Amino acid sequence: MYAIVEIAGQQFKVSKDQRLFVHRLANDVDAKVSFDKVLLIDNGGALTLGAPAIEGASVEAKVLKHLKGDKVIVFKKKRRKGYKKKNGHRQSFTQIIIENIVASGTGKKEAAPKKEAAPKATKKADVEVETATEEVKPKATRAKKPKTEE
């Protein structure tokens, strides 16, 4: 069983007992977190899609620790101009472990049949009259100018 869930603005494919790093969450260490924006659940081959999210479904996780990622150096330079800027960045992450995928809203919803657009009430006679009144003009042909030698 796995689910696709949106956590901190990113989508993750998660399954039970999986550890993953997400963007920093405001929760304390050892706190339980529940994510309600579940986009898809696969329960042994039975797919349930949300539109956009599945109602009643959630993913429960536990915060393991907060940490920082590797340092990334951002260096900008414009040649022959004497412009150099060096910056560094370390992204803050939270490590979580998925404890449970609650799929209470996994009842398969059948797609509502689309309403067909009612055909416009046009009479054939009106269409024939409109096409008959349009005149087809022959294309004007240009007379070619003789080439002059200079």
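This structure is a prediction, so every number in the text was calculated from the model and none was measured.

Rules used in this analysis
- Residues numbered from 1 in each chain as written.
- Predicted model: local features only at pLDDT ≥ 70, side-chain atom pairs only at ≥ 80, totals over all residues.
- Heavy atoms only, no water.
- Helix = DSSP H or I, 4+ residues; strand = E, 2+ residues; numbered from the N terminus.
- Contact = heavy atoms within 4.5 Å.
- Pairing = 2+ DSSP bridges.
- Axes fitted to C-alpha atoms, helices over the stretch in contact; angles between N-to-C directions.

Asker: Is there a simple way to explain the side chain of Gln95 in this structure?
Answerer: Position of Gln95 relative to the elements: it lies in strand β8 (residues 83-103). If sequence neighbours within four positions are ignored, Gln95 has contacts with Arg19, Leu20, Phe21, Lys62, Val63, Leu64, Lys65 and Leu67.

Asker: Sorry if this is basic, but what is going on with the sheet that holds strand β4 (residues 32-35) here?
Answerer: The strands that make up a sheet are held in pairs by hydrogen bonds between backbone atoms, and each pair lies either parallel or antiparallel. The 4 strands lie next to each other as β3-β8-β7-β4, forming an open sheet whose pairing is antiparallel. The sheet is open, and its two edges are formed by β3 (19-23) and β4, each paired on a single side. Recorded for the sheet is a direction-independent mean angle of 50 degrees between the axes of neighbouring strands. Pairing geometry for β3 and β8, over 5 bridges, is antiparallel. If you follow Arg19 over to β8, its bridge partner there is Ile97.

Asker: Quick question: what am I supposed to make of the side chain of Thr94 here?
Answerer: Note on placement: Thr94 falls in strand β8. Apart from the residues within four sequence positions on either side, Thr94 is in contact with Leu20, Phe21, Val22, His23, Arg24, Leu25, Val63, Lys65 and His66.

The quantities given are spatial measurements derived from coordinates; they are silent on function.
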